[in-house]
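# Summary of the model geometry
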Amino acid sequence: MPNKRANGGQVLVLNCGSSSLKFALIDPRNGNASLSGLGDSLGHSVPSVSWKIDGEKHSAALPVGAKHTEVIEFVVTNILSGGGILRADVAAIGHRVVHGGEKFSHSVLINEQVISAIQDCVALAPLHNSAHLQGIEAATKAFPGLPQVAVFDTAFHQTMPRQAYIYALPYELYEEHGIRRYGMHGTSHRFVSERAADLLGKAKADVNIISAHLGNGASIAAIQAGKSVDTSMGLTPLEGLVMGTRCGDVDPGLLLHLGVRLDYCMKEINDLLNKKSGLLGISQLSNDCRALEQAATEGHQGAQLALEIFCYRLAKYIASYHGVLSHVDALVFTGGIGENSAFIRENVLNRLNGLGYRVDETRNLEMRFGAEGAIEPPSGTTTTPKVLVIPTNEEWVIARDAAQIIASGNSAASGQPAGGS
Ligand code: ADP
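Residues numbered from 1 in each chain as written. Predicted model: local features only at pLDDT ≥ 70, side-chain atom pairs only at ≥ 80, totals over all residues. Heavy atoms only, no water.

### A closer look at the overall build of the protein chain
If you tally the helices and strands in the protein chain, you get 15 helices and 14 strands. Against the compact-globule benchmark of 22 Å for 421 residues, the protein chain has a radius of gyration of 22 Å, which places it among compact chains. With the C-alpha coordinates of the protein chain rotated into their principal frame, the extents come out at 55 × 55 × 45 Å. Every one of the 421 residues in the protein chain was classed for burial, and the buried ones make up 49%. For the protein chain, long-range pairs separated by at least 24 residues make up 63% of all intrachain contacts whose partners lie at least 6 apart in sequence. Accessible area for the protein chain stands at about 18,900 Å²; split by element, carbon and sulfur atoms hold 52% of it. (Helix = DSSP H or I, 4+ residues; strand = E, 2+ residues; numbered from the N terminus. Rg over C-alpha atoms; globule rule 2.2 N^0.38 Å. Buried < 20%, exposed > 50% of the residue type's maximum accessible area, 1.4 Å probe, protein only. Contact = heavy atoms within 4.5 Å. Areas by Shrake-Rupley, 256 points an atom, 1.4 Å probe, with all protein chains shown as cover.)

Right, here's the structure in full:
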């Protein structure tokens, strides 16, 4: 079997959730993953770990109540050495960190100061940031002395101007409690917008992109000259587009109505907005776009309505970002839905005919399942905006940032939080 691994210099990318831990061993030079896996149901009665190494799938049970530490120990003891990978092959660990607040506008080498800054952001993303801290602690034990880098979902959006990030609320809520719009999915928006510039044959500073990351969570970003200037998620990932189970934009008066008139408690409101809404809530069937497309073709009215609202809201955001950017060089679709659903892309683009958007049916069907390229009609129709499908690769960004930071001696590498920007 050909060995895809370059010896040494690989980055172990960790994405620690509250009850899960995704891991991957990535070559930062080309993004190849020689190993990827998932620790699941952590802290519960039947935790497990499953992984793919050199194309082969494996799984194992973990002890009852096992958490991030046990998964990382299992990775080191059973998977890495079992797969013939030496500890010395791992040059760094890259952690996905959901919330960096205003403290981080780029990735940083982790040290005590960074850990305490991530801790300070726990209030903004309690489940995620606490899990990341557990992951960092576990990785420090398993790989003593190995450099670890934090890559923040929020960092890319720290370039937003204040008109885009300040809510029309009493200003002291921002000053005293950091209540503002932060945005998420920054690593993905950054990756696809840079890739779009490559595909357009231009420097990232010379292109304006609208990037739509459509997965279970979904967000859209307006990127001017390589910098995020607006995005649809806000203080939390609830704001913006219709998502799998999240509602996206609603009238904030709804919360009062639910609490005061309908007697919902905070936990019920949280569950309703985050877990029972979106595609699932509208369709009363599923949060899964593929399942809804199938049901819609079979005449399921809830599925039809959910997809219609999803596309309408997305088209509305895209149109509004034409007003945010000085001009638009390309619209990019990414994430599970953006990369695979020809139906959603066509529906959205047809709603945007007034802005010149057109879709080429054949190209649209070709650009699925990992394919990358344009889906607007071939040039000749010069007024048609470019529409690109670009598979995202957040793990590669994390591996690249980690490799660059440990190779360089810049301020990011010193582990200093960036300060507000
Ligand atoms: P996550 O945010 O959990 O990482 P993904 O980016 O994997 O999510 O996206 C999951 C979504 O992508 C689901 O709604 C799924 O139905 C959708 N999806 C995946 N493949 C297809 C497809 N071929 N057609 C339509 N939707 C798809």
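### Looking at the environment of G240
With respect to the helices and strands, G240 occurs in the loop between β11 (227-231) and α7 (253-261). Judged by its relative accessible area of 0%, G240 is buried. Once the C-alpha coordinates of G240 and A197 are considered, the two residues, 43 residues apart in sequence, prove to be 25 Å apart. Not counting residues within four places of it along the chain, the set of residues in contact with G240 comprises S232, G248, D249, R313 and Y317.

### So, the confidence of the model for the protein chain
Per-residue pLDDT for the protein chain averages 92, and the proportion of residues at 70 or more is 94%. Note on residues 1-6: pLDDT is under 50 here. Beyond four places in sequence and across chains, it has 13 contacts. Below pLDDT 50 for its whole length, residues 413-421 participates in 26 contacts with residues either more than four positions away or in separate chains. (pLDDT = per-residue confidence, 0-100.)

### A short note on the site of the ligand
Within the structure, the ligand sits among 14 residues, and N216, D288, C289, R290 and G336 are positioned closest to it. Between the ligand and the protein, one listed contact pairs an oxygen atom with a backbone N or O atom of R290 at 3.0 Å. Measuring from an oxygen atom of the ligand, one finds a backbone N or O atom of G336 at 2.9 Å. Protein burial of the ligand: of its 580 Å² of free accessible surface, 72% is covered by the chains. (Near = heavy atom within 4 Å. Polar contact = N/O pair within 3.5 Å; in protein donor to acceptor, adjacent residues only side chain to side chain.)

### So, the pattern of salt bridges
Counted according to the given criterion, the structure contains 15 salt bridges. A salt bridge links D27 to R29, with the shortest nitrogen-to-oxygen separation between them at 2.9 Å. What makes D27 buried here is its relative accessible area of 3%. R29 sits in the exposed class, given a relative accessible area of 54%. Between E239 and R181 there is a salt bridge, with its nearest N and O atoms 3.0 Å apart. (Salt bridge = Lys/Arg side-chain N within 4 Å of Asp/Glu carboxyl O.)

### Comments concerning the packing of aromatic side chains
Under the counting rule described, the total for this entry stands at six aromatic pairs. Between F191 and W396, the ring centres sit 6.0 Å apart and the planes meet at 55 degrees, which makes this aromatic pair tilted. Placement of the pair is F191 in helix α6 (residues 186-200) and W396 in helix α15 (residues 394-407), with a sequence separation of 205 residues. No difference in accessibility class separates F191 from W396, as the two residues are buried. Among the aromatic side chains, those forming a connected cluster through ring pairs are Y165, Y171 and Y174. For R180, the ring lying beneath its charged end belongs to Y182, and the centroid distance is 4.6 Å. (Phe/Tyr/Trp six-rings, centres within 6.5 Å; stacked < 30°, edge-to-face > 60°. Lys NZ or Arg CZ within 6 Å of the ring centre and 35° of its normal.)

### Some remarks on the sheet that holds strand β5 (residues 56-61)
Strand pairing in a sheet relies on backbone hydrogen bonds. The paired strands run either parallel or antiparallel. The mixed open sheet is built from eight strands, whose spatial order is β5-β4-β3-β2-β1-β6-β8-β7. Where the open sheet ends on each side, the last strands, each with one partner, are β5 and β7 (108-109). Relative to strand β4 (residues 48-53), strand β3 (residues 33-40) is paired through six bridges, and the arrangement is antiparallel. The partner of S36 across the bridge, within β4, is K52. Here helix α1 (residues 68-80) sits on the sheet in contact with β1 (10-16), β2 (21-26), β3, β4, β5 and β6 (90-97), set at roughly 35 degrees to β2. (Pairing = 2+ DSSP bridges. Axes fitted to C-alpha atoms, helices over the stretch in contact; angles between N-to-C directions.)

### Overview of the packing of α7 against helix α8 (residues 266-275)
At a minimum axis distance of 10 Å, the contact between α7 and α8 shows a crossing angle of 135 degrees. Comparing the axis directions of α7 and α8 gives the class oblique. In the crossing of α7 with α8, the sense of the turn from one axis to the other is right-handed. For the pair α7 and α8, the contacting residues are L254, L255, L258 and G259 in the first and I269, L272 and L273 in the second. Of the residues in the contact of α7 with α8, the class split is six nonpolar, one polar and no charged. (Parallel < 35°, antiparallel > 145°, perpendicular 65-115°, else oblique. Left-handed = near helix turned anticlockwise from the far one by under 90°. Nonpolar A, V, L, I, M, F, W, Y, C, P; charged D, E, K, R; others polar.)

### Looking at the pairing of β11
Within β11, four of the five residues are buried, which leaves it mostly tucked inside the rest of the structure. Relative to β11, strand β10 (residues 218-224) is paired through four bridges, and the arrangement is antiparallel. Its bridge partner lying in β11, Q224 is registered against K227. Linking β10 to β11, which pair antiparallel, is a turn of two residues; within it A225 sits at a positive phi near 50 degrees.

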